[in-house]
Amino acid sequence: MRSLEKAQQDVLAAVALLPETRVAVWEATGLGLAAPVVAPHDVPPFTNSAMDGYAVLGSDVGSAPVELQLLEDVPAGHVARQEVRAGAAIKIMTGAPLPDGADTVVKVEDTEPMPDAVRILAATPTGMAVRPAGGDLKTGDLVFEAGERLTPPHLAVLASLGISPTVHRRPVVAVLSTGDEVLSPETTRLGPGQIRDTNRPLLQAMLDELGAQVLDLGIVGDDEYLLRDALERGAAEADMILTSGGVSMGEYDLVKIVLRRLGTIEFWKVAMKPAKPFAFGHVEGTPLLGLPGNPVSVMVAFEQFARPALLQMMGCRSIFRARSVAKAAEKWRTDSAKVVFTRVVCELEGGVTWCRSSGGQSSNVLSALARADAFAVIPVGTGRVEIGDPVDIEWFRSPETRTAAEVLHG
Ligand code: AMP
Ligand code: MG
């Protein structure tokens, strides 16, 4: 049986970087930058006003009140025709270019309009409310390095620079569920022995969140030939295949069998809990991650193998989720031969994060997974965790946790 680290290394070593492509900022959410971004011009591109007010010479407004002649109005998007000189002011809106000569903006609240003039009511230091050209980014600045994953603020920066980024293209991931007992999640009536497919919706949602494109191969019954067809299609059309079920020790665990016949199988057991029966191999050169059938195992295996592998394929430098240290709020006994991923809810109390089990820890218990904030990752050799023991927490969501009533106090 492979250790988790070794299995992760093997998967990461076997996946290839996706080709580079240029995309519009609209299309780039979640993708990895393939090339560094250098500022082609200053941001802001011109010196402008941070306030609605009056552009003046600082030397005129060092003391107040003072009356200045009004030369003209400049709304945002327009440029002053005149220059500000001693004794004069130009009315200016937020974001409008600072007129020549001016070095200070007095905000409108500190002024009083007069016929063809303005009275400055408050002494204003030179440079007030002026946003200099290049104050955010200067021409030639390294804005982002290759390997950065594009979040909404990154996209806004790229938009400000007029850059369509060079990224690694979105991975196409084929997803299929296996098992004669598994029916579509839309099924209204289950017959004896039947269950609904939880794994495709789970995987689809996790892949959506990651920025991958899903190729849905549906549900394949426990039939070697159907499975072979589906895997061949996945291999031809996708960058990665994710199957669920059919990788444990049963007679009908066909993914393993078909993978062995059709492609290669690198390993199919990892010293982790849940998700011990996790198979990794290739079909016609396409990596196949054979996730276990139980849905909690699906998520754990996706998080530990598929997610980092896809992020690496997308050229992202950081591929593993954030971890922090919490304290156990209760005692646990764990399997000391495996890395154990305990589903936990976390609570911050007096600067300490406390975690406790979110409910049933069997690999089929989805409700406790849905309640959880994070996995407590208990390393091999631990065996027991006592109250107050430090435990590594791997966050898999940053949920909204505060209600309007809690925050807004009526
Ligand atoms: P298997 O590895 O195929 O024996 O599956 C292990 C367990 O997971 C069995 O209880 C299956 O019924 C269940 N299972 C497999 N696939 C799914 C699925 N897509 N949705 C929900 N449960 C599943
Ligand atoms: Mg099965």
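A quick note: this is a predicted structure, and the numbers were derived from the prediction, not measured.

1. As for the sheet that holds strand E8 (residues 111-114)
Strand-to-strand pairing in sheets goes through backbone hydrogen bonds, with the strands running parallel or antiparallel. Pairing within the open sheet is mixed, and its 6 strands lie in the order E7-E4-E6-E5-E9-E8. Edge positions in the open sheet fall to strand E7 (104-107) and E8, since each of these has one partner strand only. Averaged over all pairs of adjacent strands, the angle between strand axes in this sheet comes to 35°, irrespective of strand direction. Sheet topology places E8 next to strand E9 (residues 117-120); 4 bridges connect them, and they run antiparallel. By the bridge assignment for E9, Glu 112 is matched with Arg 119.

2. Quick look at the side chain of Asp 239
For Asp 239, the location among the structural elements is in the loop between helix H4 (224-237) and strand E17 (240-244). Side-chain polar atoms of Asp 239 contact the side chain of Arg 169, separated by 2.9 Å. Polar side-chain contacts of Asp 239 include one of 2.7 Å to the backbone nitrogen of Val 172. Excluding residues within four positions of it along the chain, Asp 239 makes contact with Leu 18, Arg 169, Arg 170, Pro 171, Val 172, Thr 286, Pro 287 and Met 313.

3. Re the sheet that holds strand E20 (residues 279-283)
The 6 strands are arranged E16-E13-E17-E21-E20-E18 in an open sheet whose pairing can be described as mixed. Whereas interior strands pair on both sides, the edge strands pair on one side only; in this sheet they are strand E16 (213-220) and strand E18 (264-267). The sheet shows a mean angle of 20° between the axes of neighbouring strands, direction not considered. Pairing geometry for E18 and E20, over 3 bridges, is antiparallel. Residue pairing for E20: Thr 264 is matched across the bridge by His 282.

4. Structural notes on unusual backbone geometry
The omega angle of the peptide bond from Val 43 to Pro 44 is -10°, so this bond is cis rather than trans. Secondary-structure assignment places Pro 44 in the loop between strand E2 (37-38) and strand E3 (48-49). Residues Lys 273 and Pro 274 are joined by a peptide bond in cis, for which omega reads -5°. Considering the arrangement of structural elements, one finds Pro 274 in the loop between strand E19 (272-273) and E20. With a phi angle near 60°, Ala 129 is a residue other than glycine that sits in the positive phi range. For Ala 129, the location among the structural elements is in the loop between E9 and strand E10 (130-131).

5. Observations regarding the site of ligand 1
Around ligand 1 sit 16 residues in total, of which Glu 181, Asp 197, Thr 198, Gly 246 and Gly 293 are the nearest. Between Asp 197 and ligand 1, the recorded distance is 2.7 Å, taken from a side-chain N or O atom to a nitrogen atom. One of the backbone nitrogen or oxygen atoms of Asn 294 is found 3.2 Å away from an oxygen atom of ligand 1. Contact with the protein chains removes 77% of the 480 Å² of surface that ligand 1 exposes when unbound. Put simply, the parts of the chain that give the shell around ligand 1 at least two residues each are strand E13 (172-178) and strand E15 (195-196).

6. Overview of the packing of helix H3 (residues 199-210) against helix H6 (residues 295-313)
Closest axis-to-axis distance for the H3/H6 pair is 11 Å, and the angle between their directions is 30°. Classified by the interaxial angle, the pair formed by H3 and H6 is roughly parallel. Crossing of H3 over H6 shows right-handed handedness. Contacts from Asn 199, Leu 202, Leu 203, Met 206, Leu 207 and Leu 210 in H3 reach Pro 295, Val 298, Met 299, Phe 302, Glu 303, Arg 307, Leu 310 and Leu 311 in H6. Of the residues in the contact of H3 with H6, the class split is 11 nonpolar, 1 polar and 2 charged.

7. Structural notes on the packing of aromatic side chains
When we look at a pair of aromatic rings, we describe it by the centre distance and by the angle of the planes. The full count for this structure, using the stated rule, is 5 aromatic pairs. Residues Phe 267 and Phe 278 carry aromatic rings whose centres are separated by 6.0 Å and whose planes lie at 50° to one another, so their mutual orientation is tilted. Here Phe 267, found in strand E18, pairs with Phe 278, found in the loop between E19 and E20; they are 11 residues apart in sequence, far enough to count as distant. Accessibility assignment for this pair places Phe 267 and Phe 278 in one class, buried. Centroid distance Phe 341 to Phe 375: 5.9 Å. Interplanar angle 85°. Geometry classified as edge-to-face. With Phe 341 in strand E24 (residues 339-349) and Phe 375 in strand E26 (residues 374-378), the pair connects residues that are 34 residues apart, well separated along the chain. The same class applies to Phe 341 and to Phe 375, which are both buried. Note that Lys 256 overlies the ring of Trp 268, its terminal NZ or CZ placed 3.7 Å from the centroid.

The rules behind these values
- Residues numbered from 1 in each chain as written.
- Chains lettered and ligands numbered in written order.
- Predicted model: local features only at pLDDT ≥ 70, side-chain atom pairs only at ≥ 80, totals over all residues.
- Heavy atoms only, no water.
- Pairing = 2+ DSSP bridges.
- Helix = DSSP H or I, 4+ residues; strand = E, 2+ residues; numbered from the N terminus.
- Axes fitted to C-alpha atoms, helices over the stretch in contact; angles between N-to-C directions.
- Polar contact = N/O pair within 3.5 Å; in protein donor to acceptor, adjacent residues only side chain to side chain.
- Contact = heavy atoms within 4.5 Å.
- Near = heavy atom within 4 Å.
- Areas by Shrake-Rupley, 256 points an atom, 1.4 Å probe, with all protein chains shown as cover.
- Parallel < 35°, antiparallel > 145°, perpendicular 65-115°, else oblique.
- Left-handed = near helix turned anticlockwise from the far one by under 90°.
- Nonpolar A, V, L, I, M, F, W, Y, C, P; charged D, E, K, R; others polar.
- Phe/Tyr/Trp six-rings, centres within 6.5 Å; stacked < 30°, edge-to-face > 60°.
- Buried < 20%, exposed > 50% of the residue type's maximum accessible area, 1.4 Å probe, protein only.
- Lys NZ or Arg CZ within 6 Å of the ring centre and 35° of its normal.

What is shown is where atoms sit, not what they do.
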